[in-house]
Amino acid sequence: MPRHDRLDLARVLLARAIDDETLVRKVSPDMDIADAIVGFRAQQAVEKLIKAVLAARGVAFMKSHALSYLVGVVEENEIEAPEALSEADVLSPWAVEFRYEGEEPPALDRSAALALVEHVRVWADNEIKAADHPPQPEQQQPQ
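Residues numbered from 1 in each chain as written. Predicted model: local features only at pLDDT ≥ 70, side-chain atom pairs only at ≥ 80, totals over all residues. Heavy atoms only, no water.

## So, the environment of Asp109
Inference 1: Relative to the helices and strands, Asp109 is located in the loop between helix H4 (97–100) and helix H5 (110–132).
Inference 2: A relative accessible area of 47% places Asp109 in the partly exposed class.
Inference 3: Within the structure, Asp109 has its side chain in polar contact with the side chain of Ser111 (distance 3.1 Å).
Inference 4: Here the side chain of Asp109 touches Ala112 through a polar contact of 3.0 Å, landing on its backbone nitrogen. (Helix = DSSP H or I, 4+ residues; strand = E, 2+ residues; numbered from the N terminus. Buried < 20%, exposed > 50% of the residue type's maximum accessible area, 1.4 Å probe, protein only. Polar contact = N/O pair within 3.5 Å; in protein donor to acceptor, adjacent residues only side chain to side chain.)

Shown next, in the form of structure tokens:
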């Protein structure tokens, strides 16, 4: 995929993840909103943020909601990531299991989920900016 196309995709994913993060931030204090909804949106934000970084870096990935898979792709491609990313998989069950299987989910630590999203968003934003402005090779001085 050409550089501008992958950066466009990365920016779209980042924008959608920020929408999810905004929702998580605004509804987290409201205990009338189910943990399943907050957890799902936090998971979606992290998923989109990781995919945004992979797209910006030109790394191919399968369509998947499994954060462990996406974190594995980051690691396999030796992309420097924040320590918080290693904790991202705690949100994976909120993508499908706790939404559809009728199982009563454990209580969601909403502030921890939001903090995780925020850390991953800062990383993704920095990665996309770096991909958009790659370092220029040093100009050689004529001898």
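## Considerations on unusual backbone geometry
Negative phi values dominate among residues other than glycine, just as trans dominates among peptide bonds.
Inference 1: Within the chain, Glu78 stands out as a residue other than glycine whose phi angle is a positive 50 degrees.
Inference 2: For Glu78, the position within the fold is in the loop between helix H3 (67–76) and H4.

## Digging into the side chain of Lys51
Inference 1: Looking at the element boundaries, Lys51 is found in helix H2 (residues 35–57).
Inference 2: The buried category is assigned to Lys51, whose relative accessible area is 11%.
Inference 3: Setting aside its immediate chain neighbours within four residues, Lys51 contacts Leu13, Phe61, Ser64 and Leu70. (Contact = heavy atoms within 4.5 Å.)

## As for H3
Inference 1: Those residues of H3 that fall on the buried side of the exposure criterion are Leu67, Leu70, Val71, Gly72, Val73 and Val74.
Inference 2: Elements in contact with the buried residues of H3: H2 and H5.
Inference 3: Of the residues one or two after H3, Glu78 is the one with positive phi, at around 50 degrees.

## Concerning the packing of H2 against H3
Inference 1: At a minimum axis distance of 10 Å, the contact between H2 and H3 shows a crossing angle of 25 degrees. Here H2 is positioned roughly parallel relative to H3, judged by the angle of their axes. Two packed elements cross with a definite hand, and for H2 against H3 that hand is left-handed. Contacts between H2 and H3 involve Gln43, Val46, Glu47, Ile50, Lys51 and Leu54 on the former and, on the latter, Leu67, Leu70, Val71, Val73 and Val74.
Inference 2: In terms of residue class, the contact of H2 with H3 is made up of eight nonpolar, one polar and two charged. (Axes fitted to C-alpha atoms, helices over the stretch in contact; angles between N-to-C directions. Parallel < 35°, antiparallel > 145°, perpendicular 65-115°, else oblique. Left-handed = near helix turned anticlockwise from the far one by under 90°. Nonpolar A, V, L, I, M, F, W, Y, C, P; charged D, E, K, R; others polar.)

## A word on the nonpolar core
Inference 1: Ranked by internal contacts, the top residues of the largest apolar core, which has 40 residues, are Val46, Ile50, Leu54, Leu85, Leu91 and Trp123.
Inference 2: At the level of secondary structure, the elements contributing two or more residues to this core comprise helix H1 (3–27), H2, H3 and H5.
Inference 3: If we ignore the near neighbours within four places in the chain, the residues touching Leu85 are Ile50, Val71, Val74, Val120 and Trp123. (Core = buried A, V, L, I, M, F, W, Y, C linked by side-chain atoms within 4.5 Å.)

Such coordinate-based values are descriptive only and should not be taken to indicate function.
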